[in-house]
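As a plain string of letters, each chain reads:
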Amino acid sequence: MLDVIGLTPDEERLYRCLVQLTTATVGELTDRLGLPRADLLAQLEALRGKGLVLPAGPEPDAPLRPLAPDVPLGEALLRRQEALESARAAVTQLTEEYRAGMRRHDAGHLVEVVTGARALRERLRDLQNGARAEVLWFCRANPLAMAGQENVEEFDALARGVRYRAIYEREMLLEPGALADVEQGVRAGEQARVLDRLPVRLAIVDGRTAVCPLVPERGSGEPTAAVIGRSQLLDALLALFESHWLMATPVSSSAAPIEDGAGGGYRPDAEEVRLLSLFVAGVPDKSIASQLGVSRRTVQRRLADLMTVAGVDTRPGLAYQAARRGWL
């Protein structure tokens, strides 16, 4: 069982025996395991080298005692995990290089069709695990393959320096827990924006691979998506994302620092930032109240207070001043 981290089956058997006995002499181990003395001594020497066995005393023929396995074997396990992770990343890179090569020689490889929620979810995870620079998302309500809270690969990618830009459809923020998921991503480094409506579901990784469903909405069958390689089609999808990014409203985390903007030194607190983010994104008062855990009247009162601070008497004026003053 432990041969994957450098312990042979014979060495493992000897170590387990010594653990059960607590202390034992070479003779006792030889009798118990039925091994030739020379073989036993060789295995003991290997275990000493791996930090698993020590003499119980200073005498040459002192009984042997086992050492705790967590430190030496734990380090070996960690090295093994790191090696496997490096190998997995290399396989992902080679796979993408293979697909890119096939696309150059065969137009039929420009678009790959992936069918089924599980297969689509795994492809999205593999692409994020292999991402080096940037991941772009169009996030619509009722995800086809992977909900936001399931996308743990994003946090791993953000931690290693990959940039994430995500545009969320306003309807998605109305789903229970959706806003908290978005804020968690923003706190981790994601750049998030909101639009009233998105044309398609879309993910683009490093500007070289896009994933786009082939059916407009969830149907009775399995979801089907196209994986699109470097091509004019991919260039068009990149342009589509960038045009919507410019139109979208930024989403701020309640934990994000608020800088003083133009037109005054007022600094909204964390709850006001969250309120303004939802308000500017076009979320209705009732839904804002539900997300913030307050009454609709409280939302209206707080917006009225912010309008007073901003020196405006209309909601569009408040949205303009929030952007101008750097409140979001």
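Note that this is a predicted model, so its numbers are computed, not measured.

Reading guide: rules and limits
Residues numbered from 1 in each chain as written. Predicted model: local features only at pLDDT ≥ 70, side-chain atom pairs only at ≥ 80, totals over all residues. Heavy atoms only, no water. Helix = DSSP H or I, 4+ residues; strand = E, 2+ residues; numbered from the N terminus. Buried < 20%, exposed > 50% of the residue type's maximum accessible area, 1.4 Å probe, protein only. Contact = heavy atoms within 4.5 Å. Areas by Shrake-Rupley, 256 points an atom, 1.4 Å probe, with all protein chains shown as cover. Pairing = 2+ DSSP bridges. Phe/Tyr/Trp six-rings, centres within 6.5 Å; stacked < 30°, edge-to-face > 60°. Axes fitted to C-alpha atoms, helices over the stretch in contact; angles between N-to-C directions. Left-handed = near helix turned anticlockwise from the far one by under 90°. Nonpolar A, V, L, I, M, F, W, Y, C, P; charged D, E, K, R; others polar. Patch = residues over 30% accessible without salt bridge, like charges linked within 9 Å, V, L, I, M, F, W, Y side chains within 5 Å. Salt bridge = Lys/Arg side-chain N within 4 Å of Asp/Glu carboxyl O. Arc of directions from axis to C-beta. Polar contact = N/O pair within 3.5 Å; in protein donor to acceptor, adjacent residues only side chain to side chain. pLDDT = per-residue confidence, 0-100. Core = buried A, V, L, I, M, F, W, Y, C linked by side-chain atoms within 4.5 Å. Domains from an automatic or database assignment.

### Comments concerning the overall build of the protein chain
Each helix and strand in the protein chain was counted, giving 13 helices and 10 strands. Taken over 328 residues, the protein chain has a buried fraction of 41%. Intrachain contacts of the protein chain at a sequence separation of at least 6 include 66% that bridge at least 24 residues. Approximately 17,400 Å² of the protein chain is accessible, and the part contributed by carbon and sulfur atoms is 54%.

### Some words on the pairing of strand β7 (residues 202–205)
Of the two faces of β7, both are covered, the one formed by L202 and I204 as well as the one formed by A203 and V205. Taken together, the 4 bridges between strand β4 (residues 134–139) and β7 define a ladder with antiparallel strand orientation. Paired with W137 across the two strands is A203, which belongs to β7. Relative to strand β8 (residues 209–213), β7 runs antiparallel, the two being bridged by 3 bridges. Counted as the bridge partner of V205 is T209 from β8.

### Comments concerning the packing of aromatic side chains
Summed over all chains, the structure comprises 3 aromatic pairs. With centroids separated by 5.6 Å and ring planes inclined at 70°, the aromatic side chains of Y266 and W327 adopt a geometry described as edge-to-face. Residue Y266 is found in the loop between β10 (249–250) and α10 (270–280), and its partner W327 is found in the segment after α13 (315–324); the two are separated by 61 residues along the sequence. The exposure class of Y266 is partly exposed, given its relative accessible area of 29%. In this structure an aromatic cluster arises from ring pairing among F138, F241 and W245.

### As for the packing of helix α12 (residues 296–310) against α13
For the pair α12 and α13, the least separation of the axes is 10 Å and the interaxial angle reads 65°. As for how α12 packs across α13, the hand of that crossing is left-handed. Contacts from Q300, L303, L306, M307 and A310 of α12 reach α13 at R315, L318 and Q321. Its residues placed into classes, the contact of α12 with α13 shows 5 nonpolar, 2 polar and 1 charged.

### Structural notes on a nonpolar patch on the surface
Residues V111, V113, L214, V215 and L233 make up a contiguous nonpolar surface patch of roughly 400 Å² in combined accessible area. Looking at the element boundaries, V113 is found in strand β3 (residues 111–115).

### Here's the deal with α13
Those residues of α13 that sit buried are G317, L318, Q321 and A322. Angularly, the buried residues of α13 cover 135° about the axis, an arc narrow enough to put them on a single face. What points out from α13, more than 90 degrees from its buried face, is the exposed set P316, Y320 and A323. Close packing links the buried residues of α13 with α10 and α12. A distance of 3.1 Å separates the backbone nitrogen of G317 from a side-chain oxygen at the start of α13, and that oxygen is part of T314. One or two positions beyond α13, positive phi appears at G326, with a value near 75°.

### Describing the pairing of strand β9 (residues 224–228)
Within β9, 5 of the 5 residues are buried, leaving the element largely enclosed by the surrounding structure. Judged by which residues are buried, β9 turns out to be covered on both faces: T224, A226 and I228 on one side and A225 and V227 on the other are all buried. The sheet contact formed by β3 and β9 spans 5 bridges and is antiparallel. Note on β9: the bridge partner recorded for V114 is A225.

### Describing the confidence of the model for the protein chain
When the pLDDT values of the protein chain are averaged, the result is 81; 84% of them are 70 or greater. Low confidence marks residues 255–263, where pLDDT is under 50. Its contacts with residues over four positions away, or in another chain, come to 19 contacts.

### Section: unusual backbone geometry
Despite not being glycine, T22 shows a phi value in the positive range, around 75°. As for its position among the elements, T22 is in the loop between α1 (9–21) and α2 (26–33).

### Quick notes on the pattern of salt bridges
Going through the model one piece at a time under the given rule, you end up with 16 salt bridges. With a closest N to O distance of 3.7 Å, D305 and R301 form a salt bridge. Pair noted here: D305 and R301 are both in helix α12, with a separation of 4 residues, about one helical turn. Judged by relative accessible area, R301 falls into the partly exposed class, the value being 45%. A cluster of three or more residues bridged by salt bridges with shared partners is formed by E134, R163, R165 and E242.

### A look at the nonpolar core
Ranked by size, the top nonpolar core spans 47 residues in total, and within it W137, I288 and L318 carry the most contacts. The biggest single contributor to this core is α12, with 5 residues. Mapping this core onto the domain boundaries places at least three of its residues in each of domain 2 (109–250) and domain 3 (270–325). Contact partners of I288, with chain neighbours within four places excluded, come to L275, L278, F279, V283 and V299.

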